[in-house]
Amino acid sequence: MNSWKDNIRKVVPYVPGEQPKVDDIIKLNTNENPYGPSDKVRSIRLDLDNLRKYPDPKSSLLVDKLAEYHKLKPEQVFVGVGSDDVISMCFLTFFNSDKPVFFPDITYSFYDVWADVYRIPYEKKPLDENFNIVKEDYKKENGGIIFPNPNAPTGKLVGLDFIEDIVKANPSSVVIIDEAYIDFGGETALPLIDKYENLLVVRTFSKSRSMAGLRIGYAMGNAELIKYLNDVKYSVNSYTMNTPSLVLGSAIIDDEDYFRESVGKIINTREKFTAELERLGFTVLPSKANFVFVSHKTVPATEIFEKMRENKIFFRHFNAPRIDNFLRITIGTDEEMERVIKVLETFCSATK
Ligand code: PMP
């Protein structure tokens, strides 16, 4: 007998990092920024009366602000509900070929989920033994390319020449650089969008802008790419961005000094924390993100993960080939990372 269940789109969903419902924890498992918004943004009074109206479907307040900030035209900016929404729309819009989309085997684990849900063929290209992206792998026939720079969860950065080489070699597909973590020490591919009409750069407010709860992401590229993205967006949901997000999001972009200062603090803490981890016998991949990807020389990752959890400190562990003995640790405040080192010291040492 046929069942209604036969016609269901069955997917294996992405599993987001845990959001524990308790307060007194050190939460270093989802790459949030510990600093939150500035006092200036905190003091904004939202006009709740205004919420009876639909938001501006064009999100002009935020789009214009981002365009001005990045010295682009508003037609070159697309906004969405976090970069997850933006990238999902990109998969739907740009990866519409029978040829496979390419991304690394170790990367943001949402990419294969979007490909599966939209039934887009894909091939994962293995990182080399040092967790580097192998450029030549991306010079074969494909239906699109996406990778984060710096990559996640490795934290490893590639340079602009590397990206330009890949974009240049692929004039017949769209290349998406997911710059979720670029502000923590990388060089943006943004200048290349004037030169290559098939390049799209995606950013988020969730990491360097410390606003994961607001859900804002955006893409930048030539006006034609952005037009196609908007056509698909308006065919799914015209009102993706709510009014408070537009107001707060645009105020956050005005807060340049605060932004620079908090990013600077995180970079400083990352460097100090890395040195301490190495002292305790950890191998730490060189990170240009707000997290480090680490493995201990003798203590298994799962054991460290559990011990830290018992101490109310949350790291991220991926039960996936090649990286199951690694842990991803978000960079918190100096005080948080000092506490992490104190707890780690009780059972990890370089000589154990
Ligand atoms: N890209 C990468 C590489 C990420 O790590 C994340 C965070 N999980 C995202 C995109 C999505 O971030 P958001 O939806 O919060 O903008």
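As the structure is a prediction and not an experimental result, all values here were calculated from the model.

Asks: Is there a simple way to explain the overall build of the protein chain in this structure?
Replies: The helix and strand tally for the protein chain stands at 10 helices and 12 strands. For 352 residues, the compact-globule estimate of 2.2 N^0.38 gives 20 Å, and the C-alpha radius of gyration of the protein chain, at 21 Å, lies within 12% of that figure. For the C-alpha atoms alone, the extent of the protein chain along its principal axes is close to 60 × 55 × 50 Å. Across the 352 residues of the protein chain, 54% fall into the buried class. By sequence separation, contacts in the protein chain at least 24 residues apart represent 73% of the contacts at least 6 residues apart. Split by element, the accessible area of the protein chain, about 17,000 Å² in all, is 50% carbon and sulfur.

Asks: How do you make sense of helix H7 (residues 243-253) when you look at a structure like this?
Replies: Because an α-helix packs 3.6 residues into every turn, residues spaced three or four apart end up facing the same way. Among the 11 residues that make up H7, nine are buried, leaving the element largely enclosed by the rest of the structure. Residues of H7 that are buried: Thr243, Ser245, Leu246, Leu248, Gly249, Ser250, Ala251, Ile252 and Ile253. Buried residues in H7 make contact with helix H1 (39-42), helix H2 (60-69) and helix H8 (256-279). At the N-terminal end of H7, a side-chain oxygen is found 2.9 Å from the backbone nitrogen of Ser245, two or three residues along, and the residue is Asn242.

Asks: Where do I start with the packing of aromatic side chains in this structure?
Replies: Any two aromatic rings considered together are summarised by their centre-to-centre distance and by the angle between their planes. This model, assessed by the stated rule, comprises 19 aromatic pairs. For the ring pair Tyr108 and Phe110, a centre distance of 6.0 Å and an interplane angle of 70° mean the geometry is edge-to-face. Measuring from centroid to centroid gives 6.2 Å for Tyr108 and Trp114, while their planes differ by 70°, and the two rings are edge-to-face. On the basis of relative accessibility, which here comes to 5%, the residue Trp114 falls in the buried class. Directly above the ring of Tyr35 sits Lys265, whose terminal nitrogen or CZ lies 4.1 Å from the centroid.

Asks: Explain the environment of Lys21 here, please?
Replies: Its location among the elements puts Lys21 in the segment before strand S1 (26-27). Classification of Lys21 as exposed rests on a relative accessible area of 80%. The spacing of Lys21 and Thr330 is 309 residues in sequence and 18 Å in space, taken between C-alpha atoms.

Asks: Can you walk me through the pairing of strand S12 (residues 327-330) in this structure?
Replies: The side chains of a regular strand alternate between the sheet's two faces. Side chains Leu327 and Ile329 project from S12 onto one buried face, and the interleaved Arg328 and Thr330 project onto a second face that is buried too. Sheet topology note: the strand S10 (residues 291-296)/S12 ladder contains four bridges and is antiparallel. Within S12, the residue paired with Phe293 across the bridge is Arg328.

Asks: How do you make sense of the environment of Lys140 when you look at a structure like this?
Replies: Along the polypeptide, Lys140 turns up in the loop between strand S4 (122-125) and strand S5 (144-148). Looking at Lys140, the relative accessible area reads 46%, which means it is partly exposed. Placed 29 residues apart in sequence, Lys140 and Ala169 show a C-alpha to C-alpha distance of 8.7 Å. Residues in contact with Lys140, not counting those within four places in the same chain, are Phe102 and Asn170.

Asks: Before we go on, may I ask you to explain the nonpolar core in this structure?
Replies: If you look at the biggest cluster of nonpolar residues, it comprises 48 residues, and the most contacted ones within it are Val77, Phe147, Leu199 and Phe205. Mapped onto this core, the elements with two or more residues apiece are H2, strand S2 (77-80), S5, helix H5 (160-168), strand S6 (175-178), strand S7 (199-204), strand S8 (217-220) and H7. Setting aside anything within four residues of it in sequence, one finds Val77 in contact with Val63, Leu66, Ala67, Leu72, Tyr218, Ala219, Met220 and Ile226.

Asks: When you look at the site of the ligand in this model, what are you seeing that I'm missing?
Replies: In the vicinity of the ligand, the contacting residues are Gly82, Ser83, Asp84, Tyr108, Pro148, Asp178, Ala180, Tyr181, Thr204, Ser206, Lys207 and Arg215. Separating a nitrogen atom of the ligand from a side-chain N or O atom of Asp178 is a distance of 2.6 Å. Contact distances for the ligand include 2.6 Å between an oxygen atom and a side-chain N or O atom of Ser206. Its free accessible area being 400 Å², the ligand has 91% of it covered by the protein chains. Per-element accounting of the shell around the ligand gives the leading share, three residues, to helix H3 (residues 82-94). Residues belonging to the shell around the ligand are distributed by class as follows: four nonpolar, four polar and four charged.

Asks: For this particular structure, what's the right way to read a nonpolar patch on the surface?
Replies: Taken together, Leu46, Leu48 and Leu51 make up a surface patch of nonpolar side chains, about 270 Å² in accessible area. Looking at the secondary structure, you find Leu51 in the loop between H1 and H2. Residue class for Leu51 comes out partly exposed when judged on its relative accessible area of 44%.

About the criteria used
Residues numbered from 1 in each chain as written. Predicted model: local features only at pLDDT ≥ 70, side-chain atom pairs only at ≥ 80, totals over all residues. Heavy atoms only, no water. Helix = DSSP H or I, 4+ residues; strand = E, 2+ residues; numbered from the N terminus. Rg over C-alpha atoms; globule rule 2.2 N^0.38 Å. Buried < 20%, exposed > 50% of the residue type's maximum accessible area, 1.4 Å probe, protein only. Contact = heavy atoms within 4.5 Å. Areas by Shrake-Rupley, 256 points an atom, 1.4 Å probe, with all protein chains shown as cover. Polar contact = N/O pair within 3.5 Å; in protein donor to acceptor, adjacent residues only side chain to side chain. Phe/Tyr/Trp six-rings, centres within 6.5 Å; stacked < 30°, edge-to-face > 60°. Lys NZ or Arg CZ within 6 Å of the ring centre and 35° of its normal. Pairing = 2+ DSSP bridges. Core = buried A, V, L, I, M, F, W, Y, C linked by side-chain atoms within 4.5 Å. Near = heavy atom within 4 Å. Nonpolar A, V, L, I, M, F, W, Y, C, P; charged D, E, K, R; others polar. Patch = residues over 30% accessible without salt bridge, like charges linked within 9 Å, V, L, I, M, F, W, Y side chains within 5 Å. Salt bridge = Lys/Arg side-chain N within 4 Å of Asp/Glu carboxyl O.

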